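An overview of the molecular structure
Here's the letter readout for the chains.
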Amino acid sequence: MSTEDHPAPRSLAESLRGRDDSSLAALLRSRPDLVNPVPTDLTQLATRAGTRASVVRALERLDRFALQTAEALAVAGDPAAYDELLALMAGDERDAGVTAALPAALTALRTQALVWGADDRLRLVRTARELLAPSPQHPSPTGLGPSVREATAGMSPGRIQEIVAAAGLPSTHDSVTAVDALTSLFTHRRKMARLLKAAPAESVEVLERLVWGPPYGQVTHDPAPRLRWLLDRGLLLPTTPGTVVLPREVALHLRGGRAHRTPEPVPPAVEPAVTHRPQVVDSTAAGQAYTALATVEELLKDWDEGGPSVLRAGGLSVRDLKRTAVALDVPEPVAAFWVELAYAAGLIASDGEADERYAATPAYDEWLERPAAERWARLVEAWLPATRTSGVVGGRDAKERALSALGPGLDRSAAPEVRHRVLALLAALPEGAAPGPDAVLARLRWERPLRGPQGQDDLRARLARWTLTEAELLGVTGRGALSAQGRALLGAPAASTRPPKESAGPAGPGDKLPVHHHRSPAPVLEPLSPPEQTVACAAAARLLAPLLPEPLDHVLLQADLTAVAPGPLRRPLADVLDVLADVESKGGATVYRFTPASVRRALDAGRSASDLHAFLTEHSRTPVPQPLAYLIDDVARRHGHLRVGAASAYVRCDDDTVLNEILADKRAAALRLRRLAPTVLAAQADPATLLEGLRAMGYAPAAESAEGDVLITRAHAHRTPPRTAPEPVPEGPPVPDTTLLTAAVRAIRAGDLASTTPRKPADPAVPAAPGELPRTGSAETLATMQAAVLTGEALWIGYVNAEGAASQRVIAPVRVEGGFVTAYDHTADEVRTYPLHRITGVAELADD
């Protein structure tokens, strides 16, 4: 079962030295923090792999069974034989599932250099043992306490002898042999069974309460008889005044040899909770994808002339988020998600002005021109690797500051990994199968138990729940099952052949598929690189495109001054309708309502009544209703009848009776109007206030320029300068690619060769110290180099590069001239040229 080439390595570095290149590459891939910077040799790699920060990071990425295996090794002997580890994991009954899974778990620990040594001498890395071994300050997850030897370390020899005698063992000459005898008794199954058989029932109850942990209990200075019986025989041992502990050996006997109450060698299965027809899933997801596009467009349209102000600390205010949620007709957490998604896709940003506001970016205009499926792919491609997490909006950071949408502090580096893993679990299910959220969370907890800070596991669970919700909102999933385009996003293999296409209407009980439609288990899906993800998103867009509804070029006008759009509208039609009418309701069909104010808005934008009649006639499948035609003509007849210009402001009208009505109206008092001429009124208010005041009174004034021309008012789009989307915050060092791994392994091997190659000392009386750079004078260095050119022998040199980094190399000099030596570098496996003044020293290699 051992993967070690050396039968008995004496250190982790020696164990690593016995690995092949693929095994070293696997270590660096599983623990990328070891690569940056690349270690100079295997000794430095082993040292770095044993540091606390690196070991903690490695332990946090173990699955539950591998972590349980490491925890068992932490309470086993050091070193431990494989059979001892197996006994701790599988118990006296030798659980078959644990027995079968243990070799793979041990291999995983070896691959990550957390365990080294052959099967007869397994050693847990010292730092990992310190982290996982039980102590009063940090109880072991196994619930085990200290061993007999550890618990009796400060006990008087006389007391130890009293315990040995009470346990029925012969007295010894010293405490060491007495503790060994007591340990042998507690680890002997038959002898312990006889001892416990004689125990009072109340004493056995005490042991049963402590057996699975915590192993510590409180006693008074005068213990009860049931406790005294246990204390006299060492079945409970005192630690501090008033505290006793159940020794590890006693607990293991009571547990049947198992270190864990419930070993979990197999991950919890993610079973389908319900199964729908794949066509229903895909059509539902496509509908959600279209809704997602419409929602983002509506958000950006709402912010087209400039969105909310940026808070001093950054982000949206609570009031602005509420207003946005009302405008989008969604709950506030969902509004925060759409805002953050648009930000992640680079569609909105702050404008950077003195009065800083959020607005659309120039990329938004380019995004709008793309086909719908490509726009969806852009959003999803931004969502998959995003670390900004909208779900935490409304919470507080470590300094109790409120977290706001678009503000700082929203990055959660674990989000992309959790998001990918949740989608991969869905992809492993049959088409149309939707699991329960609890099954997904149970699987994630097994895969990453996370020994991190308090609450980190809760964050991971919340990230998983948010992923399921967000995937449904985006149309990656439909009815909880992964859609065809969702599988394409992950680079999943093509789905199994589907039955003939059926109607994708609402699913009823008949849509459920029997469980026996499962396919064979899907392979594990690894995260894609950014270029691969772009290709996958394009493939997903191609699958989605046929499922999206075609934009329409018509509406249905009704007599109640409404227009019904039975589906998505083409952009020019939708843009004009947004000005000419107000949206009354959304859904599968959008209802627009025509009002005097909306018609006046269209006239203000420069359209005439004849333009509006022609537009409606062209784009309506029904005749233009008479009430709507009358409304347009009536507003147009009065539009511009009054003219407002700048005095402070003035009103002029050819009909002096209208001006008389305005002066007599009490509502005009705030405007402070006075007559300048029969057809002109002056006001103290500015033109904009005067316009709004007259419109509130029921008139339809038009603004005019200094030349007397009617001003056409259109909404001016406000854009930020070109902005880049926010970069995700990585959880740790990126996983190195194959090229970097190959180069790193080669460099480590080269450095190790240079540091371990035997060489002759410059002074025969002084042996060469391993790893110590040679020190020779420049004349001696030059002479040795020239001699090596003639003899063709290899040399060991110390070299300092231009950055001041020292290294050791094994070279075969070919030419020495002009202050440089050209040599074949055995460590780099290539010919290189070195300045002689940067060579600190040289030594000949030993004959062997």
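Because the structure is a prediction, the values reported are computed rather than measured. All chains use their own residue numbering, which begins from 1 and follows the written sequence. In keeping with the predicted nature of the model, local features appear solely for residues at pLDDT of at least 70, side-chain atom pairs appear and are counted solely at 80 or more, and the whole-chain, interface and lining totals rest on all residues. As a convention, hydrogens and water are excluded, and side-chain values are obtained from all of the structure's heavy atoms.

Here we look at the overall build of the chain
The condition that has to hold: Helix and strand definitions follow DSSP, with helices as H or I runs of at least four residues and strands as E runs of at least two, each counted in order from the N terminus. For each residue, the accessible area found with a 1.4 Å probe, counting protein chains only, is set against the maximum for its type, and the residue is called buried under 20%, exposed over 50%, and partly exposed in between. Whether two residues are in contact is decided by their heavy atoms, any of which lying within 4.5 Å being enough.
What the chain contains, in helices and strands, is 33 helices and 25 strands. Burial statistics for the chain: of 848 residues in total, 47% are counted as buried. Contacts in the chain between residues at least 24 apart in sequence constitute 66% of all its contacts with a sequence separation of at least 6.

A closer look at the nonpolar core
To be explicit about the condition: Nonpolar cores were defined as sets of buried Ala, Val, Leu, Ile, Met, Phe, Trp, Tyr and Cys residues, with membership established by side-chain atoms within 4.5 Å.
Counting 90 residues, the largest nonpolar core has Leu-28, Leu-45, Phe-186, Leu-235 and Leu-236 as the members making the most contacts within it. No other element matches helix H5 (residues 64–75), which puts eight residues into this core. For Leu-45, the contacting residues outside a window of four places in its chain are Leu-16, Leu-24, Leu-27, Leu-28, Leu-34, Pro-39 and Ile-748. With 78 residues, the next largest nonpolar core counts Val-310, Val-339, Leu-406 and Leu-544 among its residues.

Points about the pattern of salt bridges
The condition that has to hold: Salt bridge, as applied in this entry: a Lys or Arg side-chain nitrogen positioned within 4 Å of an Asp or Glu carboxyl oxygen.
Going through the model one piece at a time under the given rule, you end up with 35 salt bridges. Measuring nitrogen to oxygen at the nearest pair gives 2.8 Å for the salt bridge that ties Arg-749 to Asp-21. Of this pair, Arg-749 sits in helix H32 (residues 738–756) while Asp-21 is found in helix H2 (residues 21–30), placing the two residues 728 residues apart along the sequence. Residue Asp-21 is classed as partly exposed on the basis of its relative accessible area, which comes to 44%. Here Arg-815 and Glu-817 are joined by a salt bridge, their closest N and O atoms 3.1 Å apart. Using a relative accessible area of 40% as the deciding quantity, one classes Arg-815 as partly exposed.

With respect to the sheet that holds strand S24 (residues 830–835)
Neighbouring strands of a sheet are bound in pairs by backbone hydrogen bonds; such pairs are parallel or else antiparallel. Our working definition: Pairing between two strands requires that DSSP report at least two bridges joining them. Throughout, an axis means a line fitted to C-alpha atoms (over the contacting stretch in the case of helices), and angles, computed between N-to-C directions, take values from 0 to 180 degrees.
Pairing within the open sheet is antiparallel, and its five strands lie in the order S24-S23-S22-S21-S25. Edge positions in the open sheet fall to S24 and strand S25 (839–844), since each of these has one partner strand only. Sheet twist, expressed as the average angle between the axes of neighbouring strands with direction ignored, equals 45°. Here strand S23 (residues 820–825) pairs with S24 via six bridges, running antiparallel. What sits directly across from Asp-825, in S24, is Glu-830. Sitting on the sheet, helix H33 (residues 778–791) touches strand S21 (795–800), strand S22 (806–817), S23 and S25, and the angle it makes with S22 is about 60°.

Some details on the side chain of Thr-784
Note the threshold: Polar contacts, as used here, are pairs of N or O atoms within 3.5 Å; protein pairs need one atom able to donate a hydrogen and one able to accept it. Residues neighboring in sequence count only if both atoms are side-chain atoms.
With respect to the helices and strands, the residue Thr-784 is situated in helix H33. Judged by relative accessible area, which is 18%, Thr-784 ranks as buried. A distance of 2.8 Å separates a polar side-chain atom of Thr-784 from the backbone oxygen of Glu-780. Setting aside residues no more than four positions away along its own chain, Thr-784 makes contact with Leu-795 and Val-842.

Focus: H33
Two residues of an α-helix separated by three or four positions point the same way, owing to the 3.6 residues in each turn. Applicable threshold: To estimate how far a helix should extend, the number of its residues minus one is multiplied by 1.5 Å. Arc, as used here, means the arc of the directions from the helix axis to the C-beta atoms.
Given a rise of 1.5 Å per residue, 14 residues ought to cover 20 Å, and the 20 Å separating the end C-alpha atoms of H33 matches this to within 8%. Buried within H33 we find Thr-781, Thr-784, Met-785 and Ala-788. Taken around the axis of H33, the buried residues stretch over an arc of 100°, which confines them to a single face. In H33, the exposed positions that point more than 90 degrees away from the buried face belong to Ala-779 and Leu-790. Turning to H33, the residues buried within the fold contact S21, S22, S23 and S25.

Considering the packing of helix H13 (residues 201–210) against helix H14 (residues 225–232)
Note the cut-off: Here the angle decides the label: under 35 degrees means roughly parallel, over 145 means roughly antiparallel, 65 to 115 means roughly perpendicular, and every other value means oblique. In the scheme used here, Gly and all other residues not listed as nonpolar or charged are polar, with Ala, Val, Leu, Ile, Met, Phe, Trp, Tyr, Cys and Pro taken as nonpolar and Asp, Glu, Lys and Arg as charged.
Where H13 meets H14, the axes come as close as 8 Å, and the angle between the chain directions of the two elements is 70°. Classified by the interaxial angle, the pair formed by H13 and H14 is roughly perpendicular. Here H13 contributes Glu-202, Ser-203, Val-206 and Leu-207 to the contact with H14, which in turn contributes Arg-226, Leu-227, Trp-229 and Leu-230. Of the residues contributing to the contact of H13 with H14, the split by class is five nonpolar, one polar and two charged.

Here we look at the sheet that holds strand S3 (residues 216–218)
Read across the sheet, three strands follow the order S3-S5-S4 without closing on themselves; strand pairing throughout is antiparallel. Edge positions in the open sheet fall to S3 and strand S4 (237–238), since each of these has one partner strand only. Sheet topology note: the S3/strand S5 (residues 243–245) ladder contains three bridges and is antiparallel. Of the residues in S5, the one forming a bridge with Tyr-216 is Val-245.

Considerations on the confidence of the model for the chain
The test is simple: For every residue, the predictor states its confidence as a pLDDT score lying anywhere from 0 to 100.
Of the residues in the chain, 89% reach a pLDDT of 70 or more, and the chain-wide mean stands at 85. Predicted confidence for residues 1–6 stays below pLDDT 50, and this span has 20 contacts to residues more than four positions away or in other chains. Long-range and interchain partners of residues 451–456, a stretch whose pLDDT sits below 50, account for nine contacts in this model, where long-range means more than four residues apart.

A word on the pairing of strand S19 (residues 680–683)
Examined bridge by bridge, strand S17 (residues 649–652) and S19 share four bridges and lie antiparallel to one another. Residue Ala-649 lies in a different strand from S19, and its bridge partner there is Ala-683. Pairing of strand S18 (residues 673–677) with S19 involves four bridges; the strand directions are antiparallel. Residue Leu-673 lies in a different strand from S19, and its bridge partner there is Ala-683. With antiparallel pairing between neighbouring strands as the criterion, S18 and S19 make up a hairpin whose turn holds two residues.

Remarks on the packing of aromatic side chains
Note the threshold: A pair of Phe, Tyr and Trp rings is counted when the ring centres sit within 6.5 Å of each other, with Trp represented by its six-membered ring. The angle between the planes then sorts it: under 30 degrees is stacked, over 60 is edge-to-face, the rest tilted. Consider the ring centre and the ring normal. A charge sits over the ring if Lys NZ or Arg CZ is within 6 Å of that centre and within 35 degrees of that normal.
One pass over the structure, following the stated rule, counts four aromatic pairs. Here the aromatic rings of Tyr-799 and Tyr-834 are separated by 4.9 Å at their centres, their planes lie at 65°, and the arrangement is edge-to-face. With a gap of 35 residues between them, Tyr-799 in strand S21 and Tyr-834 in strand S24 connect regions that are remote in the sequence. Summarising the burial analysis for this pair, Tyr-799 and Tyr-834 share the class buried. In this structure, Arg-375 packs its charged tip against the face of Trp-367, placed 5.5 Å from the ring centre.

Let's talk about the packing of helix H27 (residues 596–604) against helix H29 (residues 626–638)
Note the following rule: Take the far helix as the reference: if the near one is turned anticlockwise from it by less than a right angle, the crossing is left-handed, and if turned clockwise, right-handed.
One can describe the packing of H27 onto H29 by two numbers: an axis separation of 10 Å at closest approach and a directional angle of 60°. Here H29 runs oblique to H27, going by the angle between their axes. Considering the relative orientation of H27 and H29, their crossing is right-handed. Where H27 approaches H29, its residues Pro-596, Val-599, Arg-600 and Leu-603 are matched on the opposing element by Leu-631, Ile-632, Val-635 and Ala-636. The residue makeup of the contact of H27 with H29, split by class, is seven nonpolar, no polar and one charged.

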